[in-house]
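Spelled out from the first residue to the last, the chains are:
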Amino acid sequence: GEEQWSFGVGGTDANELGVGSSPLVDVDGNIFFGADDDYVYSIDRTGHMRWIYETGGNVDSDPILTEGGLLVVGSDDHLVHAIR
């Protein structure tokens, strides 16, 4: 029950702030999640950012990872984003 690390997301002027989706962990331990700041995040197993992808709206849906390594997530911008 001891915290190993934490990762914060940026804030916006929106009423809702913070992480909007459940995290997805791939076989290498990389973590993917969406946030209410309109971004999809990828962090490594130690909590360091790998990359960030901006959508046009809050990312409240849970990301999925296809067998081919494509990350797919919905956003409040009325789009489904496929990220490689």
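In the block above lies the structure referred to throughout.
Predicted model, so just to flag it, every value in this text is computed and none were measured. Every residue gets a number counted from 1 within its own chain, in the order that chain's sequence is written. At least 70 in pLDDT is required for a residue's local features to be given in this predicted model, at least 80 for side-chain atom pairs to be given and counted, and no such filter applies to totals for whole chains, interfaces and linings, which use all residues. As a convention, hydrogens and water are excluded, and side-chain values are obtained from all of the structure's heavy atoms.

Comments concerning the overall build of the chain
Turning to step 1, where the next piece is worked out: Elements are defined by DSSP. Helices are runs of H or I of four residues or more, strands are runs of E of two residues or more, and each kind is numbered from the N terminus. When helices and strands are tallied, the chain shows zero helices and seven strands.
Turning to step 2, where the next piece is worked out: Going from N to C terminus, the chain has its helices and strands arranged as β-β-β-β-β-β-β.
Turning to step 3, where the next piece is worked out: A globule of 84 residues ought to have a C-alpha radius of gyration of about 12 Å, and the chain, at 13 Å, matches this closely.
Turning to step 4, where the next piece is worked out: Within the chain, the proportion of its 84 residues that are buried is 33%.
Turning to step 5, where the next piece is worked out: Across the chain, every contact between residues at least 6 apart in sequence was considered, and the portion connecting residues at least 24 apart equals 28%.
Turning to step 6, where the next piece is worked out: The protein chains shown are the only cover counted for residues, whose accessible areas, like all others here, come from Shrake-Rupley with a 1.4 Å probe. Approximately 5300 Å² of the chain is accessible, and the part contributed by carbon and sulfur atoms is 48%. Throughout, radius of gyration means the C-alpha value; the globule benchmark is 2.2 Å times the number of residues raised to the power 0.38. Think of it in three bands: with a 1.4 Å probe and only protein chains considered, a residue is buried below 20% of the maximum accessible area for its type, exposed above 50%, and partly exposed in between. Residues are treated as being in contact if the distance between any of their heavy atoms lies within 4.5 Å.

Some words on the packing of aromatic side chains
Turning to step 1, where the next piece is worked out: Whether two aromatic rings pair depends on their centres lying within 6.5 Å, for rings of Phe, Tyr and Trp, where Trp uses its six-membered ring; planes under 30 degrees apart make the pair stacked, over 60 edge-to-face, and the rest tilted. Per the counting criterion, the structure on display carries five aromatic pairs.
Turning to step 2, where the next piece is worked out: One aromatic cluster in this structure is built from Phe7, Phe33, Tyr39 and Tyr41.

A few points about the sheet that holds strand 2 (residues 31-34)
Pairing between the strands of a sheet is mediated by backbone hydrogen bonds and can be parallel or antiparallel.
Turning to step 1, where the next piece is worked out: Here, strands pair whenever DSSP counts at least two bridges between them. Within the open sheet, the four strands sit side by side as 1-2-3-4. Their pairing is antiparallel. The sheet is open, and its two borders are formed by strand 1 (24-25) and strand 4 (49-54), each paired with just one other strand.

Section: the nonpolar core
Turning to step 1, where the next piece is worked out: In this structure, Phe32, Val40, Val59, Leu71, Val73 and Ile83 together form the largest nonpolar core, which totals six residues.
Turning to step 2, where the next piece is worked out: Beyond its immediate chain neighbours, meaning those up to four positions away, Val59 contacts Gly20, Ser21, Gly34, Ala35, Asp38, Tyr39, Val40, Val73, Gly74 and Ser75.
Turning to step 3, where the next piece is worked out: Residue types Ala, Val, Leu, Ile, Met, Phe, Trp, Tyr and Cys, when buried and joined through side-chain atoms within 4.5 Å, form a set referred to as a nonpolar core. Counting residues in hydrophobic clusters, the runner-up holds five residues, among them Ile31, Phe33, Tyr41 and Ile43.

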